[in-house]
Amino acid sequence: MDLTILIPCALAVGLTMGLLGSGGSILTVPILVYLMGLDEKVAIASSLAIVGGVAALTTVLNIRDRSINWRTAIWFGVPGVFGTYLGAALSQFASGQVQLVVFAVVMLLSAFFMFWPPKFKPVSGDQKRLAIVSEGLLIGALTGFVGVGGGFMIVPALVLLGGLSMTTAAATSLVIIAVKSAAGLVKYLELMAGSGLGLDWNLILIFIGFGMLGSFLGRVLGRVIEQRRAEQVFSIFLVAIAGWILVQSL
C-alpha cells in the first residue's frame, strides 16, 4: 500500500463528494484498479465501502445543518437499495473487464449529465413518485453492478422531480448513496466469500478517513465556488479518464 498515492487520491475523492454531492465513486474505482493494483471486483466492492462510508459520515454533518429532505430520501433510497442488491447479484455473471467497460460508459454518461443536466418534464402526484421510484431502481442497479454511487443522476433528479434546492439535493443524495452502497457491499461480500477474495480493510479505512477530510474541505469550498462551473470542469476530466479506461480494457 503506497500512502503517497493513496492519501492524495482519497482527499480528491472526498473533495469531489463534499463539493458536488457526487462523483466520488467515479474516481474511486479507477484509482483502486490502476493505481492501487486491486482486482476489478475487489475494487468495485471496496469502492462501495469507501464511498458509502464517506457519504455516511458526511451525512452526520448534514444532519446537524438540517440540509436533508428525509421524505425524498426514503422515496428514492428504498427502491435504490433493492436495485443495488440486484445489480451486485448480477455482477457474478460478468467478468471484471466487462464491468470496467460498463463503468467507463457510465463515466461518459456522468460527464454528459454533469455538463448538460437532464430536463425532466413536469410531473406531479403519482407520476412523480413513479418517476422517482423507477430512477431509484435503475441507478441502484448501476451502483451494484459497477460500484458507482450515481450522484450525477440522483442530484438533478432530486432537484427536478423532488423540487429540492441544489444544496438540499446534494445533502440528500449522500444519504441515498450511503444506504445503497451498504446494500451492494453486503452482496459483494457474500459473492467474494465464495470465490476466495477479500477486502483490504486497512486501505478502506485510510481511504475513508482522508476522504472524509477531503469532503469537509469540499463543503467549505462549495460556499465560494460556483457549483455549475465546478461540475462542468469535472465532467471534462471524466471524459478523459473514461477514454483511458476504454483503451486499457479493450
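I will try to describe carefully the structure that is included in this document.

Now for the overall build of the protein. Looking only at helices and strands, one finds ten helices and zero strands in the protein. Counted from the first residue to the last, the protein has its helices and strands arranged as α-α-α-α-α-α-α-α-α-α. A compact globule built from 250 residues would reach a C-alpha radius of gyration of about 18 Å, and the protein, at 17 Å, matches this within 12%. Considering only C-alpha atoms, the protein reaches an extent of 45 × 40 × 35 Å along its principal axes. Sequence separation of at least 24 residues holds for 83% of the intrachain contacts in the protein that already meet a minimum separation of 6. For the protein, the accessible surface area stands at approximately 11200 Å², while carbon and sulfur atoms represent 69% of it.

Moving on to the packing of aromatic side chains. What the rule picks out here adds up to one aromatic pair. On the basis of an interplanar angle of 75 degrees and a centroid distance of 4.7 Å, the ring pair of Tyr34 and Trp244 is categorised as edge-to-face. Taken as a pair, Tyr34 in helix α2 (residues 24-35) and Trp244 in helix α10 (residues 227-249) lie far apart in primary sequence, 210 residues in all. You can call Trp244 partly exposed: its relative accessible area is 43%.

Residue position: Thr28 is located in helix α2. Thr28 sits in the buried class, given a relative accessible area of 0%. Other than its neighbours up to four places away in sequence, Thr28 contacts Val13, Ser47, Ile50, Val51 and Phe207.

Okay, the packing of helix α3 (residues 40-65) against helix α5 (residues 96-115) next. The axes of two packed helices give the description: the angle between them and the distance between them. Running from N to C, α3 and α5 cross one another at 50 degrees; their axes reach a closest spacing of 8 Å. By the angle between their axes, α3 is oblique relative to α5. Residues Glu40, Lys41 and Ile44 of α3 form the contact with α5, whose own contacting residues are Gly96, Gln97, Gln99 and Leu100. The residue makeup of the contact of α3 with α5, split by class, is two nonpolar, three polar and two charged.

Time to look at helix α9 (residues 201-221). Here α9 is 21 residues long and its end C-alpha atoms lie 29 Å apart, about the 30 Å a rise of 1.5 Å per residue gives. Three or more residues of α9 are buried, namely Leu203, Ile204, Phe207, Ile208, Gly211, Met212, Gly214, Ser215, Gly218 and Arg219.

Counting 71 residues, the largest nonpolar core has Leu32, Phe76, Met107 and Phe207 as its most contacted members. Filtering out sequence-adjacent residues up to four positions away, Met107 remains in contact with Ile26, Leu238, Ile241, Ala242 and Ile245.

Here Lys41 shows up in helix α3. Sequence separation between Lys41 and Ile225 is 184 residues, and the spatial gap between their C-alpha atoms is 35 Å. In contact with Lys41, other than residues within four places in its own chain, are Ser91, Ala94, Ser95, Gly96, Gln99 and Tyr188. Polar contacts involving the side chain of Lys41 include one to the side chain of Gln99, which spans 2.6 Å.

We now examine the side chain of Thr84. Residue position: Thr84 is located in helix α4 (residues 70-90). Residues contacting Thr84, with those up to four places away along its chain left out, are Gly140, Ala141, Thr143, Gly144, Lys180, Ala183 and Gly184.

Considering all chains together, one arrives at one salt bridge under this definition. Note that Glu190 is salt-bridged to Lys187, the shortest N-O span being 3.1 Å. Of this pair, Glu190 and Lys187 both sit in helix α8 (residues 166-195), three residues apart, roughly one helical turn. The exposure class of Glu190 is partly exposed, given its relative accessible area of 46%. A relative accessible area of 9% means that Lys187 is categorised as buried.

Here is what the cut-offs are and how they apply
- The numbering scheme is per chain: residues are counted from 1 as the chain's sequence reads.
- Confidence filtering applies because this is a predicted model: local features only for residues at pLDDT of at least 70, side-chain atom pairs given and counted only at 80 or more, and all residues used for totals across whole chains, interfaces and linings.
- To obtain the side-chain values, all non-hydrogen atoms of the structure were included, while hydrogens and water were left out.
- Under the scheme used here, helices are H or I runs from DSSP no shorter than 4 residues and strands are E runs no shorter than 2 residues, and both carry numbers assigned from the N terminus.
- The globule rule used here is 2.2 Å times the number of residues to the 0.38 power, and the radius of gyration it is set against is calculated over C-alpha atoms.
- Pairs of residues are marked as contacts when any of their non-hydrogen atoms sit within 4.5 Å.
- Accessible surface is estimated by sampling points in the Shrake-Rupley manner with a 1.4 Å probe; for residues, cover comes only from the protein chains shown.
- Pairs were defined over the aromatic rings of Phe, Tyr and Trp, the Trp ring being its six-membered one, requiring ring centres within 6.5 Å. Orientation was assigned from the angle between planes: stacked under 30 degrees, edge-to-face over 60, tilted for the rest.
- Here's how the labels work: a residue is buried when its accessible area is under 20% of the maximum for its type, exposed when over 50%, partly exposed in between, all with a 1.4 Å probe on protein chains only.
- Only the stretch in contact is used when fitting a helix axis, every axis being a line fitted to C-alpha atoms; angles between N-to-C directions are given from 0 to 180 degrees.
- Comment on the angle field: the value is read as roughly parallel under 35 degrees, roughly antiparallel over 145, roughly perpendicular from 65 to 115, and oblique elsewhere.
- Residues are grouped as follows: nonpolar covers Ala, Val, Leu, Ile, Met, Phe, Trp, Tyr, Cys and Pro; charged covers Asp, Glu, Lys and Arg; every other residue, Gly included, is treated as polar.
- Working rule for helices: expected span equals 1.5 Å times residues minus one.
- Nine residue types can take part in a nonpolar core, namely buried Ala, Val, Leu, Ile, Met, Phe, Trp, Tyr and Cys, and a core is a set of them joined through side-chain atoms within 4.5 Å.
- Residues adjacent in sequence count toward polar contacts only when both atoms are side-chain atoms; beyond that, a polar contact is any pair of N or O atoms within 3.5 Å, and within protein one must be able to donate a hydrogen and the other to accept it.
- Take a side-chain nitrogen of Lys or Arg and a carboxyl oxygen of Asp or Glu: if they are within 4 Å of each other, that pair is a salt bridge.

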